[in-house]
Amino acid sequence: MSVSAVATDPALCAPLPVLGRDVRVPLVTGGEVDYAALDYAASAPALQRVWDDVAAYAPYYGSVHRGAGYLSQLSTDLFENSRRTIAEFLGCRADEQVVFTRSTTDSLNLLAAVLPQDTRVFVFETEHHASLLPWEQRADVTVTYLNAPRTPAQAVATLEQALADLGAPPAVAGGEPYGPALVCVTGASNVTGELWPVRELAAAAHAHGARIVLDAAQLAPHHPVDLAELDVDWIAFSGHKLYAPFGAGVLAGRADWLRDAEPYLAGGGASRKVSRRTDGGVDVEWHTTAARHEAGSPNVIGAYAIASACKALTEAGFDTLVAREQELITRVREGLAEVPEVRVLSLFGDDAPRVGVLSFVVDGWNSSHFAAALSAEYGIGVRDGLFCAHPLVRTLLGSDPQDPGECGAPEAAPGELSLNAIRVSFGAGTPDEHVDRFLRAVKELVADGARWNYRTVDGRCVAVV
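Rules used in this analysis
Residues numbered from 1 in each chain as written. Predicted model: local features only at pLDDT ≥ 70, side-chain atom pairs only at ≥ 80, totals over all residues. Heavy atoms only, no water. Helix = DSSP H or I, 4+ residues; strand = E, 2+ residues; numbered from the N terminus. Buried < 20%, exposed > 50% of the residue type's maximum accessible area, 1.4 Å probe, protein only. Contact = heavy atoms within 4.5 Å. Areas by Shrake-Rupley, 256 points an atom, 1.4 Å probe, with all protein chains shown as cover. Lys, Arg positive; Asp, Glu negative; His and termini not counted. Salt bridge = Lys/Arg side-chain N within 4 Å of Asp/Glu carboxyl O. Core = buried A, V, L, I, M, F, W, Y, C linked by side-chain atoms within 4.5 Å. pLDDT = per-residue confidence, 0-100. Axes fitted to C-alpha atoms, helices over the stretch in contact; angles between N-to-C directions. Left-handed = near helix turned anticlockwise from the far one by under 90°. Nonpolar A, V, L, I, M, F, W, Y, C, P; charged D, E, K, R; others polar. Pairing = 2+ DSSP bridges. Phe/Tyr/Trp six-rings, centres within 6.5 Å; stacked < 30°, edge-to-face > 60°. Patch = residues over 30% accessible without salt bridge, like charges linked within 9 Å, V, L, I, M, F, W, Y side chains within 5 Å.

Draft legend 1. Fine view of the overall build of the chain. In terms of regular secondary structure, the chain is built from 13 helices and 20 strands. For the chain, the spread of C-alpha atoms along the principal axes amounts to about 75 × 60 × 45 Å. With 465 residues in all, the chain has 54% of them scored as buried. Considering only residue pairs separated by 6 or more positions, the chain has 69% of its internal contacts joining residues 24 or more positions apart. On the chain, roughly 19,700 Å² of surface is accessible, and the fraction owed to carbon and sulfur atoms is 51%.

See below:
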C-alpha cells in the first residue's frame, strides 16, 4: 500500500503529536483519507517528541559501559540517566531496581525465571497471555488460575479466598509459612479497558504474605503508575504501548528475588568477574544490580525512547490527558449505544472506569469482516480477534472454552459468525476526527452494509481488488 504525507488541520490534533498523524491512505471506494490509528492497545504511535529526541541522539550513538571513548561515555550516561528517569516516573523506592527488557512479555518471563523454588502463583484467567502464561514454564512453581470476577469487589474476594486456602500467612503467630507466593494482575484490561482494583488486590496479597506484580502495559500510557502509591512489588510495561518505538520494556521493583536468582541471560555485562578453575571450569561472580539480568549489548535507544516518553507524559500532565481521554471514551460509548446491533464487552458493567480501550461485537457480522471494512472503506485501523486474552474473550462472548479461536482473525469467511470481537483503542495522540469518523463508519456499515467485496486470505479478511 502506498502512502503519502500531507498537512493535518492543527485544530484536529491531539494534545501530544504522534508520528503518522499526517499519513494518507487509499480507500477501495476511491480517494484518500488521513489514516485513523485506533489500535493503541496493540502499539501506540510513537510520540513526535520521542522520535525527535532519538534522532538528536543518533549521531552520538555508541557502545555503553566500560568504553573509554567520548561517545561510549555519553551513551552510558544516557542509558543510566534513562533508568533514573523511568524510576522516577514509576515512583521507585531507593532500594528498587529498573531492569530493561524487550517488552512486558519479556519482563514477566524474567520475573518467572527468578521466582524462588516452590513459589505459588495466583493469576486471574482474564489476563493477557503475557501475564497468564510465563509461570508454568517453571516446573517447580504451582499456578492457581482464578475465575473471571464480575465486579472489582469480587476480584478482591476471590483472591483473598484463594490465598486464605493456603493457610495462615507467615506473619500470623502459630501459622505455618507456606513459602513464597506471587499474585499477578493487570492494571487495565487490554480487552475491555476496565481498571482493576490494584491497591485493594495489593493489600489482600500482602495481608497473606504474598507479593504482587502489576502488568501495567495498558495502564501506564493512560494513568500515572506509582509503585509506592499502589503498594505493588513490581511493575512491568512495554515501550511500544507508551508511545515509544518497538523493542524495549521495563521490569521495576523489589531487588531481592532479582539479586538472588541466576541471571536471566548469561553473558557479558551480567558478570563482574570470570576466572578459570584448576579443574578446567570457570567461576563467575555476577552483578547484584540490574545489570545482572541485562547481559549483552543493551538497547540504548529503546531505553532512551521510553525515558523520553515518560518525560513527555509527565510534562503534559496526566490530569489533562486523562480528562481529555475520558471525553473520548464517553463519546465512543454513547455513539455505540445508539446502534442496537452493537454489544460492548464488559466484565464489571457499563459504568466501570476504564482507559481508552473498548471491544464489541456486531449482530450479524463476522468481526474480521467488519474490521476489514473499517480499514478498506474508511481508513480506520482497529483490531479484531481474541487479543491474546483467549479465556477472557471467550468468557465475555459466552462461548465454550473449547471453541476455536486465535490471536488474529479466525478462518471464518466474511458473513460467517465466529469467535472473535472488534477492539477500538485510542490515547493522547488521537484526534477528535478519528473518533467521529469511526462512529460514523460503524453506523453506516450496520445500516447499509459493506460497499465492497471481501474474502479470507491466510486467515485474514481482505478487500477483493
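Draft legend 2. Region of interest: the side chain of Arg-354. Relative to the helices and strands, Arg-354 is located in the loop between β14 (342–344) and β15 (357–362). Glu-194 provides the closest opposite charge to the buried, unpaired Arg-354, separated from it by 4.3 Å. Those residues in contact with Arg-354 that lie beyond four places of it in its chain are Thr-192, Gly-193, Glu-194, Leu-195, Gln-326, Ile-329, Arg-333, Val-344, Leu-345, Ser-346 and Gly-349.

Draft legend 3. Summary view of the nonpolar core. If you look at the biggest cluster of nonpolar residues, it comprises 86 residues, and the most contacted ones within it are Ile-86, Leu-90 and Leu-214. Setting aside residues no more than four positions away along its own chain, Leu-90 makes contact with Val-225, Asp-226, Leu-227, Ile-235, Phe-237, Val-250 and Ala-252. Ile-329, Leu-336, Phe-360 and Val-424 belong to the second largest nonpolar core, which has 33 residues in total.

Draft legend 4. Structural context of the confidence of the model for the chain. Of the residues in the chain, 91% have a pLDDT of 70 or more, and the chain-wide mean is 91. Segment residues 1–11: pLDDT under 50, and 19 contacts once partners within four positions in sequence are set aside and those in other chains are kept. Between residues 172–176, whose pLDDT stays under 50, and residues either more than four places distant or in other chains, the model counts 2 contacts.

Draft legend 5. Representation of the packing of helix α11 (residues 367–378) against helix α13 (residues 432–448). Close contact between α11 and α13 brings their axes to 11 Å; oriented N to C, the two are set at 115°. The way α11 lies across α13 gives a crossing that is right-handed. For the pair α11 and α13, contact is made by Phe-370, Ala-373, Leu-374, Glu-377 and Tyr-378 and by Arg-437, Phe-438, Ala-441, Val-442, Glu-444, Leu-445 and Val-446, respectively. When grouped by side-chain class, the residues that make up the contact of α11 with α13 number 9 nonpolar, no polar and 3 charged.

Draft legend 6. How the structure looks around the pattern of salt bridges. On inspection of all chains with the given rule, the structure shows 24 salt bridges. Taking the shortest distance from any N to any O, the salt bridge between Arg-102 and Asp-106 comes out at 3.5 Å. Judged by relative accessible area, Asp-106 falls into the buried class, the value being 8%.

Draft legend 7. Fine view of the sheet that holds strand β5 (residues 97–101). Taken together, the 7 strands give an open sheet; going across it, the order is β5-β11-β10-β9-β8-β6-β7, and neighbouring strands pair in mixed fashion. The open sheet has two free edges, formed respectively by β5 and β7 (142–146), since each of these has just one partner strand. Direction aside, the axes of adjacent strands within the sheet are offset by 20° on average. Of the pairings in the sheet, the one linking strand β8 (residues 181–186) to strand β9 (residues 211–215) comprises 5 bridges and is parallel in character. Paired with Thr-186 across the two strands is Asp-215, which belongs to β9. Along the sheet, helix α5 (residues 152–164) makes contact with β6 (120–124), β7 and β8, crossing β6 at roughly 160°. Against the sheet, helix α6 (residues 198–207) touches β6, β8 and β9, its axis set at about 155° to β9.

Draft legend 8. Region of interest: the packing of aromatic side chains. Scanning the entire structure with this criterion turns up 11 aromatic pairs. Considering the side-chain rings of Tyr-40 and Tyr-243, the 6.1 Å spacing of their centres and the 75° angle between planes classify their relative orientation as edge-to-face. Separated by 203 residues along the polypeptide, Tyr-40 in the loop between β4 (36–37) and α1 (48–57) and Tyr-243 in the loop between β10 (234–238) and β11 (249–253) bring together distant segments of the chain. Of the residues examined, Tyr-40 reaches a relative accessible area of 5% and is grouped as buried. The exposure class of Tyr-243 is buried, given its relative accessible area of 0%. Aromatic pair Phe-360 and Phe-370: ring centres 6.3 Å apart, planes at 90°, arrangement edge-to-face. You can see Phe-360 sitting in strand β15 and its partner Phe-370 sitting in helix α11, a full 10 residues away along the chain.

Draft legend 9. Structural view of a nonpolar patch on the surface. On the surface, a nonpolar cluster with roughly 330 Å² of combined accessible area is contributed by Tyr-60, Tyr-70 and Leu-71. Residue position: Tyr-60 is located in the loop between α1 and α2 (70–89).

Draft legend 10. Highlighting the pairing of strand β18 (residues 421–425). Burial analysis of β18 places 5 of its 5 residues in the buried class, the great majority of the element. The pairing of β15 with β18 spans 4 bridges and is classified as antiparallel. By the bridge assignment, Ser-359 is partnered in β18 with Arg-423. Inspection of the sheet shows strand β17 (residues 383–385) paired to β18 by 3 bridges, in the antiparallel sense. In the strand pairing of β18, Asp-384 is matched with Ile-422.

Draft legend 11. Quick peek at unusual backbone geometry. The residue Arg-66 is not glycine, and still its phi comes out positive at about 75°. Tracing the backbone shows Arg-66 in the loop between α1 and α2. Residue Arg-66 is classed as exposed on the basis of its relative accessible area, which comes to 71%. Of note, the phi angle at Asp-231 is positive, near 60°, even though the residue is not glycine. Checked against the element boundaries, Asp-231 lands in the loop between α7 (227–230) and β10. Note on Asp-231: relative accessible area 35%, which makes it partly exposed.

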